[in-house]
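Survey of secondary and tertiary structure
Spelled out, the chains give:
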Amino acid sequence: MIFPDANMLAINDKRFVPFIAAEAIQTRIQELADQINQEYADRKPLIVVVLNGAFIFAADLMKNLTIPCEVTFIRVASYTATESTGQLRQILGLSETITGRDLIVIEDIVDTGLTICEVCDQLRSQQPASIAIATLLFKPTALKKSIDLHYVGFEIENRFVLGYGLDYDGIGRNTKDIMVLEE
Ligand SMILES: O=P(O)(O)OC[C@H]1O[C@H](OP(=O)(O)OP(=O)(O)O)[C@H](O)[C@@H]1O
Ligand SMILES: Nc1nc2[nH]cnc2c(=O)[nH]1
Ligand SMILES: [Mg+2]
């Protein structure tokens, strides 16, 4: 990945080095938004942002959308509630009726895919008209569940990344560039 202004970020014992530059991120987001603007030209999608990680990507993507759209924010509970069917993480915060709506779910990263699969399964149970996924980052070699990703910013190798919404231990979400854990 390219990065023009070399620098380094240290958090606790970890060192992160530049990986995807802010300019490259913004250029790619504009391309994704152009695609969404075309494909949803005659629809009014509901943008479903998965907090916390996706908040910066979602904001920049939405600024480049020219179609009418609404936005809502959900969170996947970090605790697990054991039910007879197995382990289920709840979706918190969804107050809208999504039945019959065209949903675009926004994630910062699809890694194992477990989070986005859970989110989509639970959204699907309320019978939306359609669900598309937009993720800024995708680690294909880490994927544990097969999932159809409609809008992918960057496919990356299986390394821990940080910045532009992504954290390490709660820190580091506020960088304009994406950094990677130094090997
Ligand atoms: O594909 P997966 O292996 O499930 O990983 C991806 C998820 O992990 C991160 O969220 P996290 O649960 O760490 O919470 P956060 O968004 O609040 O940082 C990221 O924002 C995705 O939601
Ligand atoms: N910060 C961060 N969070 C993640 N959640 C799943 N994969 C990652 C990653 O590579 N970095
Ligand atoms: Mg997340």
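In the annotation of an unreviewed UniProt entry, the entry for the protein reads Hypoxanthine phosphoribosyltransferase, and the organism field reads Spirosoma utsteinense. UniProt annotates the protein under Cofactor (unreviewed entry) with the comment "Mg(2+)". Turning to the protein, the UniProt record has this under Sequence similarities (unreviewed entry): "Belongs to the purine/pyrimidine phosphoribosyltransferase family."

Pairing in this open sheet of 4 strands is antiparallel, and the strands run E1-E2-E12-E11 from one edge to the other. Of all the strands in the sheet, just strand E1 (9–11) and strand E11 (161–162) have a single pairing partner and so form its edges. Relative to strand E2 (residues 14–20), E1 runs antiparallel, the two sharing 3 bridges. Paired with Ala 10 across the two strands is Arg 15, which belongs to E2.

Now for the side chain of Arg 159. Mapping Arg 159 onto the fold places it in the loop between strand E10 (151–155) and E11. Classification of Arg 159 as buried rests on a relative accessible area of 19%. A polar side-chain atom of Arg 159 sits 3.2 Å from a polar atom in the side chain of Glu 183. Apart from residues no more than four positions distant in its own chain, Arg 159 is found in contact with Lys 139, Val 180, Leu 181 and Glu 183.

Parameters at a glance
Residues numbered from 1 in each chain as written. Chains lettered and ligands numbered in written order. Predicted model: local features only at pLDDT ≥ 70, side-chain atom pairs only at ≥ 80, totals over all residues. Heavy atoms only, no water. UniProt positions renumbered as here; feature names shortened; annotations may be inferred. Pairing = 2+ DSSP bridges. Helix = DSSP H or I, 4+ residues; strand = E, 2+ residues; numbered from the N terminus. Buried < 20%, exposed > 50% of the residue type's maximum accessible area, 1.4 Å probe, protein only. Polar contact = N/O pair within 3.5 Å; in protein donor to acceptor, adjacent residues only side chain to side chain. Contact = heavy atoms within 4.5 Å.

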